[in-house]
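Working through the structure, step by step
Residues per chain are reported as follows:
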Amino acid sequence: MFNFILGYEDSNFGGGIWWKNTETGPNADNEKNVATNGTAAMTATRLYRITGQRHYLNTATRLFSFLKDNYYHNGRIVDRIRNGQLIFQDWIYDYGQFANASFQLYRLTGKREYYLLADKTYDYSIKNVAQDGILPAEGNYDAGGFKGIYVRGLAEFAQKTHSFKYSRFLQNNAYHVVMNQNSQGLAAMTGPPKHRKQLFKVTVRHQA
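First, a word on what this report is: a plain description of the structure on this page. Quantities reported herein were computed from a predicted structural model and do not represent experimental measurements.

Another aspect to go through is a nonpolar patch on the surface. Residues Met-1, Phe-4 and Ile-5 make up a contiguous nonpolar surface patch of about 350 Å² in total accessible area. Residue class for Ile-5 comes out partly exposed when judged on its relative accessible area of 33%.

So this is what it looks like as structure tokens:
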């Protein structure tokens, strides 16, 4: 499956994998986005960890370099490139996938640059995308699940780096989910919250 997806990587827009496999090329009705390339980079790091095959690490490094060079803007993550144009749209999934891919490369290579990129991306998203310390509602379709991807990566980052500055943010959002359960006991941040409350004030300071 991974090799099938990787088959749609080419040099258009500087590299990366196309979102859809039905149309590719510089004039195609298609795009290259973080959802595809961040996920692929992160998957490649995991395949390398499982198999030890160097080409997976090379793939992860190549895809992440494409993302960093084109989608990373001082902490803010561009959603996609379409028709050669950068489309700025803040989806929490993009921040999570970019930061997690960067962190996994840090774990594999020990290069501090990857750690700093992940840390700064999480910082930016908390300060500028979250609203009063709570992750935003992003719709009732698949975007409603985007925060699960983000929180899973952030929790791993905080745990493995002993970065306690994110603890209150994670606790606030866990509390927010519990307080917004529906009548069936299901909880998801897919619409305007019934209860918006912070257990703690969140202040994020970037670590150099």
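From this point on, the discussion continues.
Inspection of every chain in the model, using the stated rule, returns 11 salt bridges. A salt bridge links Asp-79 to Arg-80; the nearest nitrogen and oxygen atoms lie 2.5 Å apart. Residue classification places Asp-79 among the buried positions, given a relative accessible area of 7%. Here Glu-156 and Arg-107 are joined by a salt bridge, their closest N and O atoms 3.1 Å apart. Separated by 49 residues along the polypeptide, Glu-156 in helix H6 (residues 146–161) and Arg-107 in helix H4 (residues 92–109) bring together distant segments of the chain. The structure contains a network of salt bridges with shared partners spanning Glu-31, Asp-79, Arg-80 and Arg-82.

Now for the side chain of Asn-33. Along the chain, the position of Asn-33 falls in strand S1 (residues 31–33). Within the structure, the side chain of Asn-33 is placed 2.8 Å from the backbone nitrogen of Thr-36, a separation counted as a polar contact. Among residues more than four places away in sequence, those in contact with Asn-33 are Trp-19, Tyr-71, Asp-79 and Arg-80.

Looking now at the environment of Tyr-106. If you trace the backbone, Tyr-106 turns up in helix H4. Among all residues touching Tyr-106, those that are not within four sequence positions of it are Lys-111, Arg-112, Tyr-114 and Tyr-115.

Okay, the packing of aromatic side chains next. In this structure the tally under the stated criterion is 16 aromatic pairs. Summarising the aromatic geometry, the rings of Tyr-95 and Tyr-124 are spaced 6.0 Å apart at their centres and angled 10° between planes, so their arrangement reads as stacked. Placement of the pair is Tyr-95 in helix H4 and Tyr-124 in helix H5 (residues 112–128), with a sequence separation of 29 residues. The class for Tyr-95 is buried, based on a relative accessible area of 0%. Relative accessible area serves as the criterion here: at 22%, Tyr-124 is assigned to the partly exposed category. Ring geometry for Phe-103 against Phe-157: centres 5.0 Å apart, planes inclined by 75°, an arrangement best described as edge-to-face. Of this pair, Phe-103 sits in helix H4 while Phe-157 is found in helix H6, placing the two residues 54 residues apart along the sequence. A relative accessible area of 0% means that Phe-157 is categorised as buried. Members of the aromatic cluster, each reached through a chain of ring pairs, are Phe-103, Tyr-106, Tyr-115, Tyr-122, Tyr-150, Phe-157 and Tyr-166. It is Lys-32 that lies over the ring of Trp-18; its NZ or CZ is 4.9 Å from the centre.

Reading the values: rules and limits
- Residues numbered from 1 in each chain as written.
- Predicted model: local features only at pLDDT ≥ 70, side-chain atom pairs only at ≥ 80, totals over all residues.
- Heavy atoms only, no water.
- Patch = residues over 30% accessible without salt bridge, like charges linked within 9 Å, V, L, I, M, F, W, Y side chains within 5 Å.
- Areas by Shrake-Rupley, 256 points an atom, 1.4 Å probe, with all protein chains shown as cover.
- Salt bridge = Lys/Arg side-chain N within 4 Å of Asp/Glu carboxyl O.
- Buried < 20%, exposed > 50% of the residue type's maximum accessible area, 1.4 Å probe, protein only.
- Helix = DSSP H or I, 4+ residues; strand = E, 2+ residues; numbered from the N terminus.
- Polar contact = N/O pair within 3.5 Å; in protein donor to acceptor, adjacent residues only side chain to side chain.
- Contact = heavy atoms within 4.5 Å.
- Phe/Tyr/Trp six-rings, centres within 6.5 Å; stacked < 30°, edge-to-face > 60°.
- Lys NZ or Arg CZ within 6 Å of the ring centre and 35° of its normal.

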